[in-house]
Amino acid sequence: MNTIGHRAKRWLYIVHRWIGIASCLLFAMWFLSGLVMIYVPFPALDRSERLEGSPAIDWSLVHIPPGPAVRVAALDAPPRAFLLEMRGGAPVWRITTRTGEEISISASSGRRLGLADAAEARRTAELFGRARVMSLTSIDRDQWTVPGSFDRHRPLWKASLTGAGGRVLYVSSKTGAVVLDTNLHERFWNWLGSVPHWLYPTVLRQDNALWRQVVMWVSGPCILAAVTGFWIGILRTRLGRRRFKGGRVTPYRGWMEWHHVAGLTGGLFLIAWIFSGWLSVDPGRLFASGGIDPAARDAYEDIGAAPTIDPENLARVGAGAKQVALRWLAGRPLLVIDRMSGTTVLAAATLQPIRLDRKLVTDAASRLVPGGGIVAVDRLQAPDAYWYEVGARPLLPVLRLRFDDPAKTWVHIDPATGAILGDIDARGRLYRWLFDLLHKWDLNLLTLHRPIWDVLLWILSVLGLVTSISGVRIGWIRLMRSPSRR
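Thresholds, definitions, all that
- The residue count restarts for each chain, going from 1 along the sequence in the order it is written.
- In keeping with the model being predicted, local features are shown solely for residues with a pLDDT of at least 70 and side-chain atom pairs are shown and tallied solely at 80 or more, while totals for entire chains, interfaces and linings include all residues.
- Just so you know, side-chain values use all the structure's heavy atoms and leave hydrogens and water out.
- Only one rule defines a salt bridge in this text: a Lys or Arg side-chain nitrogen within 4 Å of an Asp or Glu carboxyl oxygen.
- Counting from the N terminus, the helices are DSSP H or I runs at least four residues long and the strands are E runs at least two residues long.
- Any two strands between which DSSP finds at least two bridges are classified as paired.
- Only heavy atoms enter the contact rule, under which two residues are in contact if any of them lie within 4.5 Å.
- To obtain each axis, a line is fitted to C-alpha atoms, and for helices this fit is confined to the stretch in contact; angles are then taken between N-to-C directions over 0 to 180 degrees.
- Residue exposure (1.4 Å probe, protein chains only): buried if accessible area is under 20% of the type maximum, exposed if over 50%, otherwise partly exposed.
- Geometric relationships in this document are graded by angle, where less than 35 degrees denotes roughly parallel, more than 145 denotes roughly antiparallel, 65 to 115 denotes roughly perpendicular, and other angles denote oblique.
- Each crossing is labelled by how the near helix is turned from the far one, with a counterclockwise turn of less than a right angle marking it left-handed and a clockwise turn marking it right-handed.
- Residues were grouped as follows: Ala, Val, Leu, Ile, Met, Phe, Trp, Tyr, Cys and Pro as nonpolar; Asp, Glu, Lys and Arg as charged; and all remaining residues, including Gly, as polar.
- In what follows, a disulfide is any cysteine sulfur pair within 2.5 Å.

Trainee: Honestly, the pattern of salt bridges in this entry has me stumped. Any pointers?
Mentor: Note on pairing: side chains with opposite charge can pair once their charged atoms come close. If you walk through the whole model with that rule in mind, you get 19 salt bridges. Put simply, R98 and D298 hold a salt bridge, and the shortest N to O gap is 2.9 Å. Taken together, the residues R98 in the loop between β2 (90-96) and β3 (102-106) and D298 in helix α10 (residues 294-301) connect sequence positions 200 residues apart. Here R248 ties to E257 by a salt bridge, and the two come within 3.6 Å at their closest N and O atoms. Via salt bridges that share partners, D140, R141, D151 and R154 belong to a single interconnected network.

This is the structure:
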């Protein structure tokens with residue numbers, strides 16, 4: 001028995017020693033890049049940036065109401081989305097079909113528009129960026145447009161603007177809309193942040209299946225290195241009367257002492273962090289959810305014929321708007337008007353402000369989850385563990401509808417517009433704790449009271465850096481020894 005225990009311990013040390021040499025290099029990179037990501041996230045174009053850059057609708061050019069625009073689109077089924085905004089200096093009705101195809105109908109002439117050419121992309125970028133385009137090129141993808149969410153817009157027009165800051169806009173060739181905004185500051189720091197942290201170089205990330213496998217097989221052995229290291233750290237620690245000579249809890253000196261103490265202090269965090277990082281690609285799709293079925297969403301909206309709206313009346317109520325969306329809730333058409341000052345909801349039939357009845361919303365939403373009924377409706381006035389944004393406040397108030405279906409689905413709805421904001425089931429809620437919490441420590445108690453969140457992440461990251469850098473140094477020393485001394 002002692003022989004078996006001795007061999008097991010010996011292999012424990014050997015596995016940690018040789019896996020640890022490579023894993024500590026990765027750990028050091030991940031901790032440093034993670035600190036960068038706290039302050040500079042991966043480039044994205046959020047709703048507020050999109051509204052700010054978009055020009056206000058030129059109502060003098062709007063002559064086509066929504067009904068004729070739908071007829072020109074010749075849809076086989078009701079549209080998934082229907083909105084009015086500017087495209088290249090002219091107003092258009094943008095229609096998204098059930099299959100995800102985006103169709104643009106000129107709100108001036110009523111004709112169907114094709115792909116955005118270079119001239120249109122240049123004008124769009126200059127209006128959005130309020131600067132001249134220095135260079136314009138057509139690309140399929142680059143480092144900042146490698147995610148799959150841009151696939152439906154490819155090829156993209158990449159427009160570099162004049163002026164300080166190195167601002168670059170990406171315009172969809174399919175819709176003529178700006179889909180991404182980056183600047184020199186974001187791009188520089190992301191080469192030190194998100195790109196190495198996510199193993200995100202274009203050559204790898206453009207193949208999503210390959211990228212997922214690489215992340216899993218690179219982070220997997222690192223979990224083994226962290227677990228064996230923490231176990232060894234416990235075995236080599238003596239407390240109470242069993243302490244080493246001089247009252248020391250560790251037998252090591254120098255780099256080994258730093259590695260032992262830092263690893264033992266932050267070991268549980270390191271294990272949780274690398275395990276949650278491995279979960280980031282959801283191995284085996286254990287936490288995947290199908291979401292709300294499109295047929296159930298159709299029943300919730302119950303889209304009918306486009307209402308008859310006089311363009312002059314629409315211009316009157318939409319003055320200063322940057323986007324006007326036509327939506328349906330339980331068969332009732334609504335106009336959602338977005339301005340920089342806020343959002344207004346009107347009844348499309350009367351063009352009068354409307355406040356949606358809560359019972360109307362919940363009765364319609366009861367059809368969203370077939371096989372389950374609503375067991376609770378909560379009106380969230382403040383963020384909680386499942387409705388939040390890191391470092392900011394999410395849209396509030398929000399209705400949370402809980403269903404008693406087998407998946408225990410929750411649906412979040414905007415009570416002002418009836419828009420479905422998201423859904424999450426029991427597996428998704430578990431994933432929120434196993435990945436988001438253990439990887440980002442994104443509790444509202446921390447993220448809404450910065451710099452508490454920053455201080456915590458810096459302390460834990462410094463412990464991880466000391467552990468990994470000392471491990472790299474120890475491994476280098478061992479590798480430089482002659483084979484006989486090893």
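Trainee: Please explain the sheet that holds strand β1 (residues 81-87) as it appears in this structure.
Mentor: Adjacent strands of a sheet pair through backbone hydrogen bonds, lying either parallel or antiparallel. An order of β4-β3-β2-β1-β9-β10-β11-β12 is seen for the eight strands of this open sheet, with the pairing classed as antiparallel. Because the sheet does not close on itself, it has two edges, and the strands there are β4 (112-113) and β12 (352-353). Pairing of β1 with strand β9 (residues 323-329) involves two bridges; the strand directions are antiparallel. Paired with L83 across the bridge in β9 is A325. Strands in contact with helix α3 (residues 66-73) are β1, β2, β3, β4 and β9; relative to β2, the strand with the most contacts, it is inclined by about 60°.

Trainee: What should I look at first to understand the environment of D302 in this one?
Mentor: Relative to the helices and strands, D302 resides in the loop between α10 and α11 (311-317). Overall, the relative accessible area of 42% leaves D302 in the partly exposed class. A sequence separation of 104 residues divides D302 from P406, and the C-alpha atoms of the two residues are 25 Å apart. When sequence neighbours within four positions are dropped, the list of residues in contact with D302 reads W328, A330 and G331.

Trainee: Just to check I follow, could you spell out the packing of helix α9 (residues 255-279) against helix α13 (residues 426-440) for this structure?
Mentor: Two measures define how a pair of helices packs: the angle their axes make with one another and the distance between the axes. Close contact between α9 and α13 brings their axes to 8 Å; oriented N to C, the two are set at 125°. The orientation of α9 with respect to α13, classified from their angle, is oblique. Note on packing geometry: the crossing formed by α9 with α13 is left-handed. Facing A272, W273, S276, G277 and L279 of α9, the residues of α13 in contact are Y431, L434, F435, L438 and H439. Per-class residue counts for the contact of α9 with α13 are seven nonpolar, three polar and no charged.

Trainee: Explain the state of the cysteines here, please?
Mentor: Between two cysteines, a covalent bond joining their sulfur atoms is known as a disulfide. Using the criterion set out here, one finds zero disulfides in the structure. C24 carries a free sulfur, and the closest cysteine sulfur to it, the one in C222, is 8.8 Å from it. Among the residues examined, C222 registers a relative accessible area of 2% and is labelled buried.

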